[in-house]
Amino acid sequence: MNGSAVNGGGGAPGVERELVDEKVTFIADSSHADRFLPRISVSKEKSGPNARHSSVEKSFRPFTSDDMPRVLDFDELPAPPKDATMRFCEDGGTEGLKFPVRHVCVRGGFLFYFDIEDVDDHDGGGRFVSYLAPPLGVVPLADCDIALPPGGRRVFREHAHTDARNGYELVLIHDPDDRQGGEVARPAAFLVAQSLVEREKWVQALKSRAEFAADTKLRRKSGRQDVDGSSSMGVGRGGFKSSGGKAQKMRGARNLQAAAEAAENEEEQEIEQACKEFGVSGFEDEGWIDRYFATNNDLQATAKIDELEQWQVSIKKGVRGAVLEQYAYFVEASSEMTTMGKEVSSLKSMVETQNEVIKEMKDIDFGTAFADGELDSLASDDEIEPGALRRKTRRRRALQSNVPDDDQSDASSLSSSADVRSKRKGGEDEEGVPGSMEIPGWLDDVHEEISAFIKECRYSDATNLLFKAKTEIVEILALHERPTEVTLSKKQHANMNNILNSMDTLSERMCNRLVESLRRKNEALKQAGKRERADPSSIMAPMVSPCCLHDDLIPLQLLVRLGKTQEAATAYAARRSLLLLESLHERPISGTGNVDLVIYAAQLSQSFFS
């Protein structure tokens, strides 16, 4: 075994030689009583030209992360298990014992444990590891006994309430040799493996190294080794100081890349083997176990278990890589969906704006605006005399001022309307339009007046005004159809048609309200009659049913007047049926004793048809 780090020149006479021997030792941690820190013991031996006089210098230096790859294992023993993550028992002070997860490895006669953040496991299997910081501590294996929980349990009884219950525990107990002169026993170290097979591997490796009495030494560095652990190359021929640090880093990067590719190929092969053996349809685990032990023994089963666990680790890594890849696609798709959502929102707002514009355009009366060609006459400033529109507006207001108010009687309104219709313009007016007919000004506001009457439930007034307006418009349109010089302009004709259409809309709205009012009143009377008949004291006191009141007379007359005879008949039949039902429950009018059926039937008929 190459156990020492030796540097210096060759064995040529007259040349001073220097031998450096480095090995791992430990000291107690001043901040943690149960922890030991690794140190490097450096022995530097210098010999003279004649090899007769030599001197030895001994020193100690801290253990660095660069020293970890140089720690040598014992060549006489089997290779140590791969680095793994285990729970390591630590004193938590007031919180009691804690079992944090640590990165654990065995080199020579020491067990090193690191913080998992200080270790870069390239393949996830502990075969290619980079150490970024010194270890948190070491456990010397010399003179140690390895023990397991008694009774085949997974953990020790005193640790059953901690995180150790999630694994398989073992303990390293220091048993000092009495021949060493009263050495103090070190605190016990508890480890928790992830599986039973892993614990058995580590127990065997730790026992073999605890029984092997030898120093744990470091591999020799290429170049002169200084006491502080730094190395440098000698001066070359040309007198320039050469350094191989950059080349070593590049070679190390290539080696790590090649190792990662090899590990990936090995994992793919393991996954493929697992799929061939267990991915068949109709697989049964019990049958597979029976077939395996039919050709293998218990000793071979241990190796098979290790192989299956390695397959499981490879499958987990493969699934994790696939999930990460799909997650990247998911994040990209989510960003695309977010962008699409914003675009859809902007499109939706644009559509809503277009809908509002369309609704506003629907409300514009283009036919009235372009009916008499006034806008065409206003196409240029040369085609119209300045101030013509203002004169026309003043003339219309003067004509409308002569129209009588709506509060006058129907006779006066009709007579005034006849007077207005009898007026004719001879020749041409100010606008140059021959024989223009004058329209009563109150027709412009008749729509608003009728709507106000309907809202105030003044249906009689609304009906009277509606028929008055319709009669006036029909007479004006009849005069327009006569072959005379006095006619309506296109704009006036369109305005009359619009007012006539609005009258039909208002009539339909008023009829619907009257029908609904009658229906609700009949339903209310029906419910009231039921409550009165349910009252036992109603028989003792004579009363007149509300159904006998003729409160539906005016609405029925208005419906007939508005042309809704079918709706009026339906409401009339409902009220009379309700009245007949109430009459059947009342006492006969003709007196007590035997009642003449003919007289009683006549009374009922009179109640229904009167």
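Going by the structure above, here's the rest.
Small disclaimer: the values here were computed from a predicted structure and weren't measured.

Peer 1: In this structure, what is going on with the nonpolar core? I would like to understand it.
Peer 2: Note on soluble globular proteins: their nonpolar side chains tend to be buried together. Judged by nonpolar contacts, the single largest core of 32 residues is most densely connected at Leu 443, Val 446, Ile 450, Met 496 and Met 503. At the level of elements, helix 9 (446-455), helix 10 (459-481), helix 11 (490-534), helix 12 (553-561) and helix 13 (565-584) are the ones that each hand at least two residues to this core. Other than its neighbours up to four places away in sequence, Ile 450 contacts Ala 462, Leu 465, Leu 466, Met 503 and Leu 506. By size, the runner-up hydrophobic cluster in this structure holds 20 residues, among which are Ala 84, Val 104, Ile 146 and Ala 193.

Peer 1: Hey, could you run me through the packing of helix 3 (residues 285-295) against helix 4 (residues 298-362) in this one?
Peer 2: Packed helices, taken two at a time, are described by their axes: the angle between them and the distance between them. Packing of helix 3 against helix 4 brings their axes to within 9 Å, and their N-to-C directions diverge by 130 degrees. When the interaxial angle is binned, helix 3 and helix 4 end up oblique. Crossing handedness for the pair helix 3 and helix 4: right-handed. Note on element contacts: helix 4 touches helix 3 through Asp 298, Gln 300, Ala 301, Lys 304 and Leu 308, opposite Trp 288, Tyr 292, Phe 293 and Thr 295.

Peer 1: Where do I start with the packing of helix 10 against helix 12 in this structure?
Peer 2: Helix 12 packs onto helix 10 with a crossing angle of 20 degrees between their chain directions and a minimal axis gap of 11 Å. Classified by the angle between their axes, helix 10 and helix 12 sit roughly parallel to one another. Of the two elements, helix 10 crosses helix 12, and the hand of that crossing is left-handed. Mapping the contact onto sequence places Tyr 459, Ser 460, Thr 463, Asn 464 and Phe 467 in helix 10 and Ile 554, Leu 558 and Arg 561 in helix 12.

Peer 1: Would you take a moment to explain the pairing of strand 14 (residues 189-193) for this structure?
Peer 2: On any regular strand, side chains alternate: one points to one face of the sheet, the next to the other face. Most of strand 14 sits inside the fold, with 5 of its 5 residues counted as buried. Burial of strand 14 is two-sided: the residues Ala 189, Leu 191 and Ala 193 facing one way and the residues Phe 190 and Val 192 facing the other way are all buried. Relative to strand 14, strand 4 (residues 84-88) is paired through 2 bridges, and the arrangement is antiparallel. Paired with Arg 87 across the strands is Val 192, a residue of strand 14. Across 5 bridges, strand 13 (residues 168-174) lies against strand 14 in antiparallel orientation. For Leu 172, the partnering residue across the bridge sits in strand 14 and is Ala 189.

Peer 1: Help me out: how do you make sense of the pairing of strand 11 (residues 137-140) in this one?
Peer 2: The alternating pattern of strand 11 places Gly 137 and Val 139 on one face and Val 138 and Pro 140 on the opposite face, and all of these are buried. Inspection of the sheet shows strand 8 (residues 110-115) paired to strand 11 by 4 bridges, in the antiparallel sense. Opposite Phe 110, over in strand 11, you have Pro 140 as the bridge partner.

Peer 1: Looking at this model, I keep getting lost on the environment of Cys 89. Mind explaining?
Peer 2: Mapped onto the elements, Cys 89 comes out in the loop between strand 4 and strand 5 (90-91). In this structure, the C-alpha to C-alpha distance between Cys 89 and Val 192, residues 103 residues apart in sequence, is 8.3 Å. Among residues more than four places away in sequence, those in contact with Cys 89 are Leu 97, Lys 98, Phe 99 and Phe 190.

The rules we used
Residues numbered from 1 in each chain as written. Predicted model: local features only at pLDDT ≥ 70, side-chain atom pairs only at ≥ 80, totals over all residues. Heavy atoms only, no water. Core = buried A, V, L, I, M, F, W, Y, C linked by side-chain atoms within 4.5 Å. Buried < 20%, exposed > 50% of the residue type's maximum accessible area, 1.4 Å probe, protein only. Helix = DSSP H or I, 4+ residues; strand = E, 2+ residues; numbered from the N terminus. Contact = heavy atoms within 4.5 Å. Axes fitted to C-alpha atoms, helices over the stretch in contact; angles between N-to-C directions. Parallel < 35°, antiparallel > 145°, perpendicular 65-115°, else oblique. Left-handed = near helix turned anticlockwise from the far one by under 90°. Pairing = 2+ DSSP bridges.

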